[in-house]
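# Geometric and topological summary
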Amino acid sequence: MPPVITLESPFARQVFHKRHPVLFQRLKDAHPYGPQQRKALDELLRESQEGVISLADDAFDRDQWLDWDRRHFGTPWPKAPFLWAESYFYRLLLGAVGYFETGVDPFGPFKTAELHSSTLEDDYAWLAQPLDFDAALMASLYGNRADLGFQLIAGNTKIHDELVADDSAQVQEFFRKPAKVTFILDNAGRELLSDLVFADHLLANGLATEITLHAKPYPYYVSDATMTDVGDCMRRLRQLPGGAGQRLHEAAAEGRLKVRTHPFHCAPLSFHDMPDDLATELKSQLTIFKGDLNYRRLVGDCYWDEATPFRQTVSYLPGPAVALRILKSEVVVGAGNIDPASRIAGTHAMIQMYQP
Ligand SMILES: O=P(O)(O)OC[C@@]1(O)O[C@H](CO)[C@@H](O)[C@@H]1O
């Protein structure tokens, strides 16, 4: 594997030094946090910018994190791998605001606001029209355009999207034979609504025999979908035109649509380290990896040469896979030359497919 991206990378540094302070201010504005939670957030921000990574003796999940440790406890944060450190940061954030005692999703207010935004109905008016495969696939891809974390820096910049890798024809070809499909979900809100639309297209047209949605076990990376978010989005979709929400509700009742989670989805590791039970589950089906973070975990959060073939980076996977991703971080494989600014701007997209 090429050298791993660390917090010394300018982009990762920007995430920790610019995005996180904005996020923490938003959290303090959105919740009635007391002095203890505010102090814990301030300490976490300071520590994650210049301190040393530590694991509390009394952390309830200490054993889990020791298992996921790759000798990073004791490392100065700025020297740690970006993926590992960022994942642990979100675990610490939840601890700081008391999530593990209260169960209150700190990002809940932002997710709710997005799902009930005044423009949402208009933005999804196209659901009233019948969709072809390509439109449903593109909806799922472009749903990843603006996750809430990304918006903290990108604002409402007009985005010009461009596919830098396009295996969509291969994906469509794959569905000539009905398949079981797993979505490794990314963001709640608009992205999840669009993923559900794609899932409905696959089920309603007999392209998928069964779909499993994998959500995160706890709130993560600001807007990542939890089991609760899947329920909320399914209910919201039933209020939108086109009938996808109702059809999916029925598919769930019949066991053709399943929703589940796995602790590994919040692990600070790439999918190379996925546990056997998850690998076995993904073996006999097509797995769709949504979004930028899942892409980093899929190919490895490393300084790959962008010309490296996608299949070379994911040949460890137990079954066929598709990555649907808007580029929001430095990692790219299987594409032409992409300048550093375009890698993080959210202006380029990719559809990549792997078949063993
Ligand atoms: O996975 P997503 O929602 O598409 O993007 C997640 C993201 O916004 O967060 C990370 C940095 O915090 C980057 O991987 C990426 O920019």
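For clarity, every value in this text was computed on a predicted model and none was experimentally measured. (Residues numbered from 1 in each chain as written. Predicted model: local features only at pLDDT ≥ 70, side-chain atom pairs only at ≥ 80, totals over all residues.)

## Details of the environment of Ser-329
You can see Ser-329 is positioned in the loop between β6 (321-326) and α17 (340-344). Between the alpha carbons of Ser-329 and Glu-306 there is a distance of 13 Å; along the sequence they are 23 residues apart. (Helix = DSSP H or I, 4+ residues; strand = E, 2+ residues; numbered from the N terminus.)

## Some thoughts on the domain arrangement of the protein chain
Per the domain assignment, the segments of the protein chain are domain 1 (10-102) and domain 2 (113-354). A separation of 26 Å is found between the C-alpha centroids of domain 1 and domain 2. Domain 1 puts 15 residues into the contact, and the matching count from domain 2 is 18 residues. Looking at the side of domain 1 that touches domain 2, its residues break down into 12 nonpolar, 1 polar and 2 charged. (Domains from an automatic or database assignment. Contact = placed C-beta atoms within 7 Å. Nonpolar A, V, L, I, M, F, W, Y, C, P; charged D, E, K, R; others polar.)

## Quick notes on the confidence of the model for the protein chain
In this model, the protein chain carries a mean pLDDT of 93, and residues with pLDDT of at least 70 account for 96%. Of the regions scoring below 50 in pLDDT, residues 152-160 engages in 10 contacts with residues more than four places distant in sequence or in other chains. For this predicted complex, the interface confidence reaches an ipTM of 0.96, while the overall pTM sits at 0.95. (pLDDT = per-residue confidence, 0-100.)

## Section: the packing of helix α8 (residues 133-142) against helix α11 (residues 190-204)
Packing of α8 against α11 leaves a shortest axis separation of 7 Å and a crossing angle of 150°. Classed by the angle they form, the pair α8 and α11 counts as roughly antiparallel. Along this stretch, α8 crosses α11, giving a crossing that reads as left-handed. Residue-level contacts link Phe-133, Ala-136, Leu-137, Ala-139 and Ser-140 of α8 to Ser-194, Asp-195, Val-197, Phe-198 and His-201 of α11. Looking at the contact of α8 with α11, its residues break down into 6 nonpolar, 3 polar and 1 charged. (Axes fitted to C-alpha atoms, helices over the stretch in contact; angles between N-to-C directions. Parallel < 35°, antiparallel > 145°, perpendicular 65-115°, else oblique. Left-handed = near helix turned anticlockwise from the far one by under 90°.)

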